[in-house]
Amino acid sequence: MTDSNRSKEPIAEIKPKQLPYHGHIRVDNYYWMNDREDPNVIAYLEEENRYLQEKLKSTEPLQEKLFEEMKGRIKKDDASVPYFKNGYYYYSKFESQKEYPIYCRKKGSLSAAETIILDVNQLAEGQSYMQVNALGVSEDNEILGYSEDNLGRRIYNIKFKNLGTDQPLSDQLTAVTGNFVWANDNQTLYYTQQDPDTLRPYKVYQHLIGTNQKMDRLVYEEKDETFILQVKKSKSKSFLFIESQSTLSTEYRVLRADHPREEWMIIQPRMKELEYEVEHYEDKFIIRTNHNHAKNFKLVQTPIAKPSIENWEDLVPHRHNVLIEEFEIFKHHLVICDRFNGLNRLEIRSWDGKQNHVIRMEDPAYAVWIGNNPEFYTEILRFGYTSLTTPNTFYDYHMDLKEKSLMKQQEVMGDFEISDYHSERTWAKGSDHTKIPISLVYKKDLYNHDGTNPLLLYAYGSYGHSTDPYFSSHKLSLLDRGFVFALAHVRGGQEMGRSWYEDGKMLNKKNTFTDFIACGEYLIEKNYCQKDKLFAMGGSAGGLLMGAVVNISPTLFKGVIASVPFVDVVTTMLDESIPLTTGEFDEWGNPKEKEYYEYMLSYSPYDNVIAQNYPHLLVTSGLHDSQVQYWEPTKWVAKLRRFRTNDNLLLLHTNMESGHGGASGRFKALRELALQYAFLIFLLDKDLNNK
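Residues numbered from 1 in each chain as written. Predicted model: local features only at pLDDT ≥ 70, side-chain atom pairs only at ≥ 80, totals over all residues. Heavy atoms only, no water.

A short note on the overall build of the chain
Quick reminder of the rule: Comment: elements are numbered from the N terminus, with helices defined as DSSP H or I runs of at least four residues and strands as E runs of at least two. The globule rule used here is 2.2 Å times the number of residues to the 0.38 power, and the radius of gyration it is set against is calculated over C-alpha atoms. Classification of residues uses two cut-offs on accessible area relative to the type maximum, computed with a 1.4 Å probe and protein chains only: under 20% is buried, over 50% is exposed, and between them is partly exposed. Any two residues having at least one pair of non-hydrogen atoms within 4.5 Å are treated as being in contact.
Regarding its fold elements, the chain presents 13 helices and 39 strands. Compactness check: the chain gives a C-alpha radius of gyration of 26 Å against a globular reference of 26 Å for 691 residues, within 12% of the reference. Taking the principal axes of the C-alpha coordinates as reference, the chain spans close to 75 × 55 × 50 Å. The buried share among the 691 residues of the chain stands at 59%. Contacts spanning at least 24 positions in sequence make up 56% of the contacts within the chain whose residues lie at least 6 apart.

Some points on the side chain of His280
Here is the rule: Pairs of N or O atoms are called polar contacts if they sit within 3.5 Å, as long as, within protein, a hydrogen donor faces a hydrogen acceptor (for residues adjacent in sequence, only side-chain-to-side-chain pairs).
For His280, the position within the fold is in strand E20 (residues 276-281). Judged by its relative accessible area of 9%, His280 falls in the buried class. At 2.5 Å, the side chain of His280 and the side chain of Ser236 are in polar contact. Setting aside residues no more than four positions away along its own chain, His280 makes contact with Ser234, Ser236, Ser238, Phe239, Phe285, Ile304 and Ile329.

What about the sheet that holds strand E36 (residues 534-539)?
In plain terms, the rule: At least two DSSP bridges between two strands are needed for those strands to be called paired. The axes are straight lines fitted to the C-alpha atoms, using for helices just the contacting stretch, and the angles between their N-to-C directions are given from 0 to 180°.
Reading across the sheet, the 8 strands line up as E32-E33-E35-E34-E36-E37-E38-E39 and stay open at both edges, with mixed pairing between neighbours. Only two strands of the sheet have a single neighbouring strand rather than two, namely strand E32 (421-429) and strand E39 (650-655). Sheet twist, expressed as the mean angle between neighbouring strand axes with direction ignored, is 20°. As judged from the 5 bridges shared by E36 and strand E37 (residues 559-563), these two strands associate in the parallel manner. Pairing of Met537 across the sheet is with Ile561, part of E37. Those strands touched by helix H8 (residues 541-552) are E36, E37 and strand E38 (616-622), and its axis lies near 140° from that of E36. Helix H12 (residues 631-643) contacts E37, E38 and E39 of the sheet and is inclined by roughly 155° relative to E38.

Let's talk about the nonpolar core
What counts is decided by this rule: Among buried residues, those of type Ala, Val, Leu, Ile, Met, Phe, Trp, Tyr and Cys that are joined through side-chain atoms within 4.5 Å constitute a nonpolar core.
Among the nonpolar cores identified, the biggest contains 73 residues, and Leu455, Leu457, Phe516, Leu523, Phe557 and Trp636 are the most heavily contacted of them. In this structure Phe557 touches Leu457, Phe516, Leu534, Phe535, Ala536, Val549 and Pro615, once residues within four positions along its chain are discounted. Counting 40 residues, the second-largest nonpolar core is a separate cluster that includes Leu388, Phe485, Phe535 and Phe679.

Here's the deal with the sheet that holds strand E24 (residues 322-329)
Read from one edge to the other, the open sheet built from 4 strands follows the order E24-E25-E26-E27, with strand pairing classed as antiparallel. Among the strands making up the open sheet, the edge pair consists of E24 and strand E27 (356-358). Taking the axes of each pair of neighbouring strands and ignoring which way they run, one obtains an average angle of 25° across the sheet. Inspection of the sheet shows E24 paired to strand E25 (residues 333-340) by 7 bridges, in the antiparallel sense. Across the sheet, residue Phe327 finds its bridge partner in E25, namely Ile336.

Some remarks on the pairing of strand E35 (residues 484-488)
For E35, a buried count of 5 out of 5 residues is recorded, marking the element as mostly surrounded by other parts of the structure. Neither face of E35 is exposed, since Val484, Ala486 and Ala488 on one face and Phe485 and Leu487 on the opposite face are all buried. Where strand E33 (residues 435-443) lies against E35, 4 bridges are found, and the strand directions are antiparallel. The residue of E35 that forms the bridge with Ile438 is Ala488. Judged from the 4 bridges that link them, strand E34 (residues 455-458) and E35 form a sheet pairing that is parallel.

Brief notes about a negative patch on the surface
Selection criterion: Like charges within 9 Å and nonpolar side chains (Val, Leu, Ile, Met, Phe, Trp, Tyr) within 5 Å are joined into patches, using only residues over 30% in relative accessible area that form no salt bridge. Computed with the Shrake-Rupley method and a 1.4 Å probe, the accessible areas treat only the protein chains shown as cover for residues. Throughout this description, the term salt bridge denotes a Lys or Arg side-chain nitrogen within 4 Å of a carboxyl oxygen of Asp or Glu. Asp and Glu are treated as the negative residues and Lys and Arg as the positive ones, with His and the ends of the chain left uncounted. Lys charges are placed at NZ, Arg charges at CZ, Asp charges at CG and Glu charges at CD.
A surface patch of negative charge is lined by Asp415, Glu417, Asp420 and Asp445. Relative to the helices and strands, Asp420 is located in the loop between strand E31 (403-409) and E32. Taking the relative accessible area as the measure of exposure, Asp420 reaches 31% and is therefore partly exposed.

Looking at the side chain of Lys161
Tracing the backbone shows Lys161 in strand E10 (residues 156-162). For Lys161, the residues in contact, after removing those within four places along its chain, are Ile117, Glu142, Ile143, Leu144, Asp166, Gln167, Pro168 and Leu169.

Here we look at the packing of helix H7 (residues 510-525) against H8
The relative placement of two packed helices is expressed as an angle between their axes plus a distance between the axes. Defined as follows: When an angle is under 35 degrees it counts as roughly parallel; over 145 it counts as roughly antiparallel; between 65 and 115 it counts as roughly perpendicular; any other value is oblique. In this scheme, a crossing is called left-handed if the near helix is turned counterclockwise away from the far one by less than a right angle; it is called right-handed if the turn is clockwise. In this count, Pro and Cys sit with the nonpolar residues alongside Ala, Val, Leu, Ile, Met, Phe, Trp and Tyr, while Asp, Glu, Lys and Arg are called charged and the others, Gly among them, polar.
Direction vectors running N to C along H7 and H8 enclose 70°, while the axes themselves pass 9 Å from each other. In this view, H7 runs roughly perpendicular relative to H8, as classed from their interaxial angle. For the crossing formed where H7 meets H8, the hand is right-handed. Together, Thr512, Phe513, Phe516 and Ile517 of H7 and Leu544, Leu545, Met546, Ala548, Val549 and Ile552 of H8 make up the contact between the two elements. Considering only residue class, the contact of H7 with H8 consists of 9 nonpolar, 1 polar and no charged.

Written out as structure tokens, the structure reads:
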């Protein structure tokens, strides 16, 4: 590597710190970076940002072109499909050139006068970041509660306004999670608060409208640091729930919503590896659970008066090849969203047992989900559908007549035609011969069968989160330049059932990495692309995947984008003061136990950087990120600079004003995506910069 190629790279100061554990000593030269108040840290981040800007300066016209393309496909004046709740139709809309949604309602009929209940654009005035997390209207339709975050660290303030007068109330709940529910008296609500250091939601408070937050009553405190809390309300509006949840265990408390002064009762005390979630139907609770070895979950019913586990009776038994993911309750129907052979299905069952059918879908790879269905006394199911070629589409489905009505399909502005693109599903073979599904999409008239197309391979692969094949108008900017886009459904997700998740976590985590590598090799072997045109992308836990893959197989990918990557696994999981750590021991393991320490150490991207060639890398982070602290990607890049043996691009972009999700607003976030796409195109062919 020539000195001239490296002369302007930011070089971080080395300050060795010994980190002993289990008789083993790690030396972290960049541990000092974990202080966002240190001016030297800020100066280094700003230097990295300047370096990136310099190295990609030639792509600035391309970035602007990509930004305008993606922005141009968004319908500027748009609205969601209205849903009916408690006498009103609710919907959100965007107005031309505005970044944020406007929330509206109409009383009784869609032909009624529109009332704006919250304009987030007004909240965002003078703010560099704004996110509204939740809205909740009291049962008498008079008071709106909403939670806002103006930093990006997911610490919210809950505010209130009188919808009759359109005036704010004096009540304000500060430094909370944003999760809240109303009781039925229209004066009482319950909300969760996080630990100020770890950000773990661990307390539930009761607030009375018109009083100061200091007077709020603590209802429940979760002492177990591996559990988090949230509050919910049953669809029937009859019950309030406090859910205590860890990765592998759940406990529900319940309170009648009409009687907020009563005491909360436990439905079923927590048990190791017992997971359950609760809804209300008539005189019983309906529960989704893995009880009694139901690995893919089942539905049970239990009397409200005697809800504990000994009274649970199977309603929908466990099926070894079908994973139950969620369910929706109506007066006459039960709707189940399950997963079979890697794809979602919507199964409709009538309570009288006379009906049981699955709604048919069209594409070879798709995503379908239960939409917003707040009404109980209806035969209509609202559901959403998308695929790699089909924009988000919403249907109203008559569950008795088996007829669906198109309510809205996302409008893609410009010359987009669904028929111009092709999606397919194929299967790679893992290192242990496991078949791994891959979903692909490309533009038909730009696709070559000789492997000369560039290909971007994406995956996540953690927490049992399934990465479904969904449409993105933004990706058209790659597809229209000849890229193939592929999703690798690697283990660690839940695409192929619960076992798929269990085989990619804890002491099986390396399966996630080898699966992704196997998918990349398969796509080259089958001529979807050539080795010098294969790129990879992943974020957060998917960024961990990227970091592990470039250590294990550094020459497989030409370029890699790692967004807010979780790369310093051992140090983070040993530090219980960092947000999320204690709640994730059942995902990664607890490194205080030597077996897990050694296993994590064997794959942790930061700990396994060695002297070798690395692909071109673009790494992103947010200074205020509460999920993956900014210092993880920063330290990783600094260490890679020291050890790598080639002069490929190594770039770090830190958003100094945002957190884990990047910039807020529907347009501002596209700037970061344009940067990432320009990076890929630049690596592919500098001559494409102006195309």
